[in-house]
Amino acid sequence: MMSSPKSLLIRQARLVLPNGEFMLGDVLTQGGKIVEVNSNIANATPSLEIDAQGLTLLPGVIDPQVHFREPGLEHKEDLFTASCACAKGGVTSFLEMPNTKPLTISQSALDDKLQRAASKCVVNYGFFIGATADNLTELVTVQPTCGIKIFMGSMRGDLLVDQETTLENIFAHGSRLIAVHAEDQQRIKQRRQEFAGIEDPAIHSQIQDTQAALLATQLAVKLSKKYQRRLHILHLSTGIEAEFLRREKPNWVTAEVTPQHLLLNTSAYETIGTLAQMNPPLRSPEDNEILWQALRDGVIDFIATDHAPHTLEEKGKTYPNSPSGMPGVETSLPLMLTSAQEGKCTVAQVVNWMSKAPAQAYGIPNKGEIKVGYDADLVLVDLNNYKTVNREEILSKCGWSPFEGWNLTGWPVTTIVGGEVVYDKGEVNTQVRGKALQFV
Ligand code: DOR
């Protein structure tokens, strides 16, 4: 019998099933879909067979917050380099933010990004539409988008929406998901003046303090409750916000946390200086612990990286001229799986937080689980060996990681997008193309 085109058989992997249980078995894909999951698939004639003995098969990671810099800031990153970094990190789909040049605040800018992605992205892609003070019509009508991004603080120019009346107008119109960067601009501005002249980057966490984050999160939740509007809180960074959400979060509100807010804290300024600078800033070790607990308890729903690359030259400037942001898509899965091996959580929880929960929150159909009929976006990871994060191997154009030197397990061995091998043992197959994500 002729083998059907683009069928793939993954043999004898340790599978993480939708109910969180493990099973040793085979997965058959055909035409980009999972067509069979079984302990032993006997009669298939696939075009490619992968011996996965000793490896663990997970649904591909969906990273629901990244900044990939194209168009306009391609000296930091572009959709091709970033998507290769995704493939290496086991990230098979991403949702990208609107602070590019031009800003993604109109249908034409969104169409341009989709076209660029179709021509060069090796993994699947979706894009946010950015809110400004005067693009309400676009916010309600543009398609396709995963949602509206509002920078309530920590932003300059048109994407900063820090007036309550403007925010209220956005929450009051339309029904699509609103994702907020919750930091109070007024408080940040005032504290910037108070701490002016200090060049130690550690001051960043005091200027953009926990109160600034709490005030904005409280306002977003207040507006969401008033209008029963679907709200997502991006990169939750503080224990007090987590405790507030534990009490006040309605069931139509979701929240995410980044690996860096779980695993790094203000002590990182001493070792990596401005490479640790991001918005919202790193917090204390106590915040790390409260965020972990909130994640385990379901107060925080999922993980995003906020991959926000800047060149080493830019990061080498003196605070406050150094830009905020750090890359993340290459290290997020091994960081979380290493945490699982250390007993902070289970592998099944990591799968939920990095695949299933983001697919559900954004209404992305047929992704995030290893299930017949679902898209064949998969990642085989090695949980038996440890390897150090090392600058030379970084594929992101920025060429650095805040986790250099960390010894991690759970590194992707093979990543599969739409049934095609896009990454295998250090090599990216640059011929693969991802698809535009659907949002229902
Ligand atoms: O640290 C950050 N960097 N936080 C943001 O919200 C934006 C991002 C960027 O685009 O550099």
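Quick caveat: nothing in here was measured; it's all calculated off a predicted structure. (Residues numbered from 1 in each chain as written. Predicted model: local features only at pLDDT ≥ 70, side-chain atom pairs only at ≥ 80, totals over all residues. Heavy atoms only, no water.)

## Side note on the pattern of salt bridges
Argument step 1. Under the criterion given, the structure shown has 27 salt bridges.
Argument step 2. E96 serves as the salt-bridge partner of K113, at 2.6 Å between the closest nitrogen and oxygen. Placement of K113 in helix α2 (residues 107-120) and of E96 in strand β7 (residues 91-96) is noted, with a sequence separation of 17 residues between them. Residues K113 and E96 agree in their burial class; the two are buried.
Argument step 3. With a closest N to O distance of 3.8 Å, E369 and K371 form a salt bridge. (Salt bridge = Lys/Arg side-chain N within 4 Å of Asp/Glu carboxyl O. Helix = DSSP H or I, 4+ residues; strand = E, 2+ residues; numbered from the N terminus. Buried < 20%, exposed > 50% of the residue type's maximum accessible area, 1.4 Å probe, protein only.)

## Considering the site of the ligand
Argument step 1. In the vicinity of the ligand, the residues found are H67, R69, N99, F151, H181, M278, N279, D306, A308, H310, S324 and G325.
Argument step 2. Between the ligand and the protein, one listed contact pairs an oxygen atom with a side-chain N or O atom of H67 at 3.4 Å.
Argument step 3. A distance of 3.1 Å separates an oxygen atom of the ligand from a polar atom in the side chain of H310.
Argument step 4. The fraction of the free accessible surface of the ligand (290 Å²) that becomes covered by protein chains is 94%. (Near = heavy atom within 4 Å. Polar contact = N/O pair within 3.5 Å; in protein donor to acceptor, adjacent residues only side chain to side chain. Areas by Shrake-Rupley, 256 points an atom, 1.4 Å probe, with all protein chains shown as cover.)

## Remarks on the packing of helix α4 (residues 164-172) against helix α7 (residues 210-227)
Argument step 1. Here α4 crosses α7 at 40 degrees, and the two axes come no closer than 10 Å. Judged by the angle between their axes, α4 and α7 are oblique. In the crossing of α4 with α7, the sense of the turn from one axis to the other is right-handed. Of the residues in α7, those touching α4 at E164, L167, E168, F171 and A172 are L219, A220, K222, L223, S224, K226 and Y227.
Argument step 2. Residue classes in the contact of α4 with α7 are distributed as 7 nonpolar, 1 polar and 4 charged. (Axes fitted to C-alpha atoms, helices over the stretch in contact; angles between N-to-C directions. Parallel < 35°, antiparallel > 145°, perpendicular 65-115°, else oblique. Left-handed = near helix turned anticlockwise from the far one by under 90°. Contact = heavy atoms within 4.5 Å. Nonpolar A, V, L, I, M, F, W, Y, C, P; charged D, E, K, R; others polar.)

## So, the environment of T271
Argument step 1. Inspection of the secondary structure puts T271 in helix α10 (residues 268-272).
Argument step 2. Between the C-alpha atoms of T271 and P402, which are 131 residues apart in sequence, the distance is 9.8 Å.

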